[in-house]
Amino acid sequence: MPRFVAALLTLLACLPLAAQDTDPQKKFAGTWEAKFRDKVICTIRLTPGDPISGETAACNINIDENGDLREPDSTQNSDQVSPMLNPKLHGDTLTFDEQDGDDVLKFEMKVVGDGQADLKILDSPIPVKPIHFARK
């Protein structure tokens, strides 16, 4: 009986560690990059906290009329950093807004694998296919 109690206590002591591994913020925290033809076209940096926070940097995303990525416009200012507005976690999905001049763009980032995520631009006038990101 004492061995059973010791084993049970060891198992119970590990439960908080297992719960931490499922923390949604851990799935997102870090630096994420989207690439087009081996060139980084957008970086997202996410910092855990209450609430999670982050920013997009050096984003130069161009799409064609079919919603596919195309070669970035080299004349566009890609050094701009934009803070995330209203970031919200819902399991494997992060939603956030970003100010774009007078407009507010809405995004949804979904973890699709270990260190892999897809970003959707919501309410776009042209449907944009998900943009793949990998954690650095």
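Rules behind the numbers
- Residues numbered from 1 in each chain as written.
- Predicted model: local features only at pLDDT ≥ 70, side-chain atom pairs only at ≥ 80, totals over all residues.
- Heavy atoms only, no water.
- Disulfide = S-S within 2.5 Å.
- Helix = DSSP H or I, 4+ residues; strand = E, 2+ residues; numbered from the N terminus.
- Buried < 20%, exposed > 50% of the residue type's maximum accessible area, 1.4 Å probe, protein only.
- Contact = heavy atoms within 4.5 Å.
- Pairing = 2+ DSSP bridges.
- Axes fitted to C-alpha atoms, helices over the stretch in contact; angles between N-to-C directions.

Participant: Describe the state of the cysteines, listing the residues and the values that go with them.
Facilitator: A full pass over the atoms with the stated rule returns one disulfide. What pairs with C42 in a disulfide is C59, and their sulfur atoms sit 1.9 Å apart. Residues C42 and C59 are joined by a disulfide whose S-S torsion is about 40 degrees; by sign, that bridge is right-handed. With C42 in strand 2 (residues 39–47) and C59 in the loop between strand 3 (53–57) and strand 4 (62–63), the pair connects residues that are 17 residues apart, well separated along the chain.

Participant: Would you mind going over the side chain of T93 in detail, with residue names and values included?
Facilitator: Its location among the elements puts T93 in strand 8 (residues 93–100). For T93, a relative accessible area of 13% translates into the label buried. Other than its neighbours up to four places away in sequence, T93 contacts F28, K88, E108, M109 and K110.

Participant: Tell me about the sheet that holds strand 11 (residues 131–135), and please be specific about residues and values.
Facilitator: Ordered in space as 6-3-2-1-11-10-9-8-7, the nine strands form an open sheet in which the pairing is antiparallel. Both edges of this open sheet fall to strand 6 (81–83) and strand 7 (85–90), since each of them pairs with a single strand only. Neighbour-to-neighbour, the strand axes of this sheet turn through a mean angle of 25 degrees, independent of strand direction. Relative to strand 11, strand 10 (residues 116–122) runs antiparallel, the two being bridged by four bridges. Each bridged residue has a counterpart across the sheet, and for D118 the counterpart in strand 11 is H132.

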